[in-house]
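Summary of structural features
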Amino acid sequence: MGGSFQDSAGSQVFTIGNRRRHTASFAATGFKVNMTNQRFAVNHAADAAFERGLRPFFEYRDLGITQATGGQVVAHVIRAVPGAGFSSQAHLHRTQFQLVYVLKGWIEFEYEGQGVVRLVAGDSVHQPSGIRHRELGHSDDIELLEVVMPADFKTELVDTVQP
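The following paragraphs examine the structure supplied in this document. Residue numbers restart at each chain and count upward from 1, following the sequence in its written direction. It should be noted that, the model being predicted, local features are given only for residues of pLDDT at least 70 and side-chain atom pairs only at 80 or more, the latter also being counted only at that level, while totals for whole chains, interfaces and linings use all residues. Think of the side-chain values as coming from all heavy atoms in the structure, minus any hydrogens and water.

Concerning unusual backbone geometry
Here is the rule: Secondary structure elements are defined from DSSP: runs of H or I of at least 4 residues count as helices, runs of E of at least 2 residues count as strands, and each element is numbered from the N terminus.
In this structure, the amide linkage connecting Met 149 to the following residue, Pro 150, adopts the cis form with an omega of -10 degrees. Within the secondary structure, Pro 150 sits in the loop between strand 13 (143-149) and strand 14 (154-157).

The structure is reproduced here in structure tokens:
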């Protein structure tokens, strides 16, 4: 069977059989999540609708997570718009959590303090809140899964990736 408890460091520990899974210590960061009002959500690929969004050279498929979590999380699949011109300016996001997972193709970013990072299918990156970055390029067939907290996060343009 399974269960959960909080260890002495404030981390939540989940048990499944003999295995333990730890989550980050939210007590130390002040990060609070109330996921008690979640609703069931399913999103079928056959019914997928992609729409233009934050960047004009990408299309976004909403996975219904924002509504299911009362705005606490957004999850979407992002893909390149065929024939759309690419441009990118240095920016940062005000988030509590952001994960990008490459489903197909490749994408290259420049990150503050990290330099150039190239991701290919199966790779992921956790982008801490406020890290300056910009996209350098992507393949025509790029597809990404992005999960961000909160759903209504803010994006700020900056002059350069390196402050």
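With respect to the pairing of strand 10 (residues 115-120)
Threshold: Note on pairing: DSSP must find at least two bridges between two strands before they are called paired.
Both strand 9 (residues 106-111) and strand 10 contribute to a ladder of six bridges, which runs antiparallel. Along strand 10, the bridge assignment pairs Glu 108 with Arg 118.

Details of the packing of aromatic side chains
The condition that has to hold: We call Phe, Tyr and Trp rings a pair once their centres come within 6.5 Å, taking the six-membered ring for Trp, and we label the pair stacked below 30 degrees between planes, edge-to-face above 60, and tilted otherwise. Classification of residues uses two cut-offs on accessible area relative to the type maximum, computed with a 1.4 Å probe and protein chains only: under 20% is buried, over 50% is exposed, and between them is partly exposed. Throughout this description, the term charge over a ring refers to an Arg CZ or Lys NZ atom that lies within 6 Å of the ring centre and within 35 degrees of the ring normal.
Using the criterion set out here, one finds three aromatic pairs in the structure. Plain terms: the ring middles of Phe 109 and Tyr 111 are 5.4 Å apart, the flat faces sit at 40 degrees to each other, and that makes the pair tilted. Like Phe 109, the residue Tyr 111 is buried in the burial classification. Among the aromatic residues, ring-to-ring pairing joins Phe 57, Phe 58 and Phe 86 into one connected group. Over the ring of Phe 50 we find Arg 79; its NZ or CZ atom is 3.6 Å from the centre of that ring. The cationic tip of Arg 118 hangs over the ring face of Trp 106; the distance from NZ or CZ to the ring centre is 4.0 Å.

Concerning the pattern of salt bridges
Stated precisely, the cut-off is as follows: Any carboxyl oxygen of Asp or Glu that lies within 4 Å of a side-chain nitrogen of Lys or Arg is treated as forming a salt bridge with it.
As enumerated under the stated definition, the model contains four salt bridges in all. With a closest N to O distance of 2.8 Å, Arg 79 and Glu 59 form a salt bridge. Highlighted residues: Arg 79 in strand 6 (residues 74-80) and Glu 59 in strand 5 (residues 58-62), separated in sequence by 20 residues. Using a relative accessible area of 15% as the deciding quantity, one classes Glu 59 as buried. Where Arg 94 meets Glu 156, a salt bridge forms, and the shortest distance between an N and an O atom there is 3.0 Å. On the criterion of sequence distance, the pair formed by Arg 94 in strand 7 (residues 91-94) and Glu 156 in strand 14 is long-range, its members being 62 residues apart. By relative accessible area, which is 42% here, Arg 94 ends up partly exposed. We classify Glu 156 as partly exposed; its relative accessible area is 34%.

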